[in-house]
Amino acid sequence: MRKRAWRERLIAERQRLPDRLARAEALQRVMRVWMVQRDDRVVGAYWPIKGEFDPLPALHRWQEAADVDDAQRARQRRCIALPVIDRVARTLRFHVWYPGCPMEEDAYGIPKPKDTEVVQPTLLFVPCVGYGPGGYRLGYGGGFYDRTLATLQPRPFTVGLAYASAFVPWLQPEPHDVPLDAVLTEQGVAWPVDGE
C-alpha cells in the first residue's frame, strides 16, 4: 500500500514539475556525457509516459555520433531498442527502434516498434517512478523489468533515469527486486555514490 501511494504521489509530482523541461535538458546532457565512456553497440531504452524523462533524443545523437558522415552506417553499428511485452512470459523483449520506425500500441497503450528485429542490449536505460539507496528502483508495480533482468544472459548494465526529486530514502528492496548498476538524474550520477 505504501509503495502504491508513493507511486501515485511521485507520478503526480513529476507531471506537475514547473521546470520539467529544464530538468530534462540537464538530464540529456548528463546522459550524453556519461555515455562517452561506454562502448555499447545495442542500447535499450523506453518510450516515455506519464511525464517520464525522454532518453530517445540523447540516444539518437549517440547513434549518429558513431559516424557523422554516414548516419545509415552509424545506425547499423549502434542500435537503439525499445521494450515489447511478451504476454506469456510477462517479460520484455527489445526490438530495434529508430526515428520514423513503424510503431503500434501495446496492451497498455504504450507505443512499441512494429515488426522490427529483436536484439539484446548490453546497456539498458530503465525508467524510474522513484529510486532509493543501493540503486533500487520504484517502478509501476508490474515487475516486467525485474523478471526480464532475472532471465537475460548476459545481464545488461542497467541505468535508472529519474529526476532528483524522485529520491525515496526509505525505499527497501523486496526479494524479487534487482538493483540497478547506476542511476542518473539531472544533477549527475546519483548511484553509485562515491565510496559505495
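Basis of the calculations
- Residues numbered from 1 in each chain as written.
- Predicted model: local features only at pLDDT ≥ 70, side-chain atom pairs only at ≥ 80, totals over all residues.
- Heavy atoms only, no water.
- Helix = DSSP H or I, 4+ residues; strand = E, 2+ residues; numbered from the N terminus.
- Buried < 20%, exposed > 50% of the residue type's maximum accessible area, 1.4 Å probe, protein only.
- Expected span 1.5 Å × (residues − 1).
- Arc of directions from axis to C-beta.
- Contact = heavy atoms within 4.5 Å.

S.K.: Please clarify how the side chain of threonine 158 should be interpreted in this entry.
M.R.: For threonine 158, the position within the fold is in strand 10 (residues 157-161). The buried category is assigned to threonine 158, whose relative accessible area is 0%.

S.K.: Any chance you could explain helix 1 (residues 2-16) here in plain terms?
M.R.: Residues that lie three or four places apart on an α-helix share one face, since the helix turns once every 3.6 residues. If you check helix 1, its first and last C-alpha atoms are 21 Å apart, about what 15 residues at 1.5 Å a residue would give, namely 21 Å. Considered for burial, the residues of helix 1 that qualify are Lys3, Arg7, Leu10, Ile11 and Arg14. Here the buried residues of helix 1 occupy an arc of 100° about the axis, which is enough to place them on one side. Helix 1 presents Arg2, Glu8 and Arg16 as exposed residues on the side facing more than 90 degrees away from its buried surface. Considering only its buried residues, helix 1 is in contact with helix 2 (20-35), strand 8 (130-131) and strand 9 (137-138).

S.K.: Would you explain unusual backbone geometry in this entry?
M.R.: Generally, phi is negative for residues other than glycine and the peptide bonds are trans, each holding for most cases. Between glutamine 153 and proline 154 the backbone carries a cis peptide bond, its omega angle lying at -5°. Note that proline 154 resides in the loop between helix 5 (144-151) and strand 10. Omega for the peptide link from tryptophan 191 to proline 192 comes to 0°, which places this bond in the cis form. Positionally, proline 192 belongs in the segment after strand 12 (188-191). One non-glycine residue, lysine 50, adopts positive backbone phi at about 50°.

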